[in-house]
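# Analysis of the macromolecular model
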Amino acid sequence: MGKCDENGSGMGEAMQLAAAKQQYAEHMDSLRAEGLLDDQFSELQQLQDESSPDFVEEVVLLFIQDSGRIIKNLTESLEQKPVNFKKVDAHVHQFKGSSSSIGAQRVKAVCIKLRMCCNRQDQLGCLFALEHVTREFEVIKGKLQTMLELEKQIVALGGTPPPFTDKL
């Protein structure tokens, strides 16, 4: 028989922690393999320490919040007649920068395409690119939220999430 603590959960918690870490590692590997996050994210994680233990979570949540606002601003700007492409370009530039700073490489790549359409003053192209960037943002948003949930599970079990490293 295995050794248990007073609550009868000694080995169970260790197994839960190992399973949570494995699930987290697989999730992070999928983010890398799908091209959703690049090594910029691991650099971001390295900035987190004891003095700012929630740094990555705060940056991720700020990225999600700001991105939603930027997408709303882009949509409104592209619906105006006539379209102010300089204003649209400023929003896209901001979105590209925030995506790049967190390592959201697929969002950044689509932002580049959106800027190209903006530079050509191609309203229809901008609308299609905005739809694409919105889809990519929703994908990374969901994956980042799952990552944060998995991190919380690991911490609740007494562990530390392993760092994201760019193996590719």
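Residues numbered from 1 in each chain as written. Predicted model: local features only at pLDDT ≥ 70, side-chain atom pairs only at ≥ 80, totals over all residues. Heavy atoms only, no water.

Caution applies to low-pLDDT regions: their predicted coordinates should not be interpreted in detail. Taken residue by residue, the chain gives an average pLDDT of 90. The fraction at 70 or more is 90%. Considering only residues more than four positions removed or in separate chains, one finds that residues 1–8, a stretch of pLDDT under 50, has five contacts. (pLDDT = per-residue confidence, 0-100. Contact = heavy atoms within 4.5 Å.)

Let us now look at the packing of aromatic side chains. Under the criterion given, the structure shown has two aromatic pairs. Ring centres of Phe63 and Phe137 lie 6.0 Å apart, and the angle between their planes is 70°; on these two criteria the pair is classed as edge-to-face. Placement of Phe63 in helix α3 (residues 55–79) and of Phe137 in helix α6 (residues 123–156) is noted, with a sequence separation of 74 residues between them. Exposure remark for Phe137: the relative accessible area of 3% places this residue in the buried category. Aromatic side chains Phe95 and Phe137 sit 6.3 Å apart centroid to centroid with 70° between the ring planes, which places their arrangement in the edge-to-face category. With Phe95 in helix α4 (residues 85–102) and Phe137 in helix α6, this pair connects stretches of sequence that are 42 residues apart. These aromatic residues form a ring-pair network of at least three members: Phe63, Phe95 and Phe137. (Phe/Tyr/Trp six-rings, centres within 6.5 Å; stacked < 30°, edge-to-face > 60°. Helix = DSSP H or I, 4+ residues; strand = E, 2+ residues; numbered from the N terminus. Buried < 20%, exposed > 50% of the residue type's maximum accessible area, 1.4 Å probe, protein only.)

By the definition in use, this model includes nine salt bridges. Where Glu34 meets Lys143, a salt bridge forms, and the shortest distance between an N and an O atom there is 3.6 Å. Placement of Glu34 in the loop between α1 (10–33) and α2 (39–46) and of Lys143 in helix α6 is noted, with a sequence separation of 109 residues between them. Of the residues examined, Glu34 reaches a relative accessible area of 35% and is grouped as partly exposed. Salt-bridge contacts for Arg120 lead to Asp122; the nearest nitrogen and oxygen are separated by 3.8 Å. On the basis of relative accessibility, which here comes to 27%, the residue Asp122 falls in the partly exposed class. (Salt bridge = Lys/Arg side-chain N within 4 Å of Asp/Glu carboxyl O.)

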